[in-house]
Amino acid sequence: MTLSLADQPTLPDLSDDERHLLNLVATPAATLLGLVAGVLRTRLFEEDGATWVDLWQTNPSTARVEWQDGPDIAEVLEHLVPRSIEGTLEGVPGLRAVITSDTHAQLVWIGTTSPVALHLTRLDG
């Protein structure tokens, strides 16, 4: 069944409180976190996956992902940074690695009108 707004009765508009909260949470950083979660959702939680994961936005143009144990930074970057495999694009389009180390990485996402910083951190358990 497909939901069509044309088939719905008139819906009420957003309240001022809803609109204010939406402006705080529906940001480019939140969009990037959704894309990152879509790519990593199975990788960080598989059999030898992370014991703990957190994703959040610190402001509209900065997102953070931290996890304990599980895959190392290089392996996560392998999944996130876009690449073509047999003609299919995988990863997050527009995501570029800027700085990487064994436990941290800083990336920039150029897939929106304003660049978004993404900080990855792997914590040892």
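A quick note: this is a predicted structure, and the numbers were derived from the prediction, not measured. (Residues numbered from 1 in each chain as written. Predicted model: local features only at pLDDT ≥ 70, side-chain atom pairs only at ≥ 80, totals over all residues. Heavy atoms only, no water.)

Draft legend 1. Summary view of the side chain of Thr-62. Within the secondary structure, Thr-62 sits in strand E2 (residues 62-68). Setting aside its immediate chain neighbours within four residues, Thr-62 contacts Ala-29, Trp-56, Gln-57, Val-116, Ala-117 and His-119. (Helix = DSSP H or I, 4+ residues; strand = E, 2+ residues; numbered from the N terminus. Contact = heavy atoms within 4.5 Å.)

Draft legend 2. Quick look at unusual backbone geometry. A positive phi angle, near 60°, is found at Asp-69, a position not held by glycine. Mapping Asp-69 onto the fold places it in the loop between E2 and helix H3 (73-80). Here the phi dihedral of Glu-86 falls at roughly 50°; this positive angle occurs in a residue that is not glycine. With respect to the helices and strands, Glu-86 occurs in the loop between strand E3 (83-85) and strand E4 (88-90).

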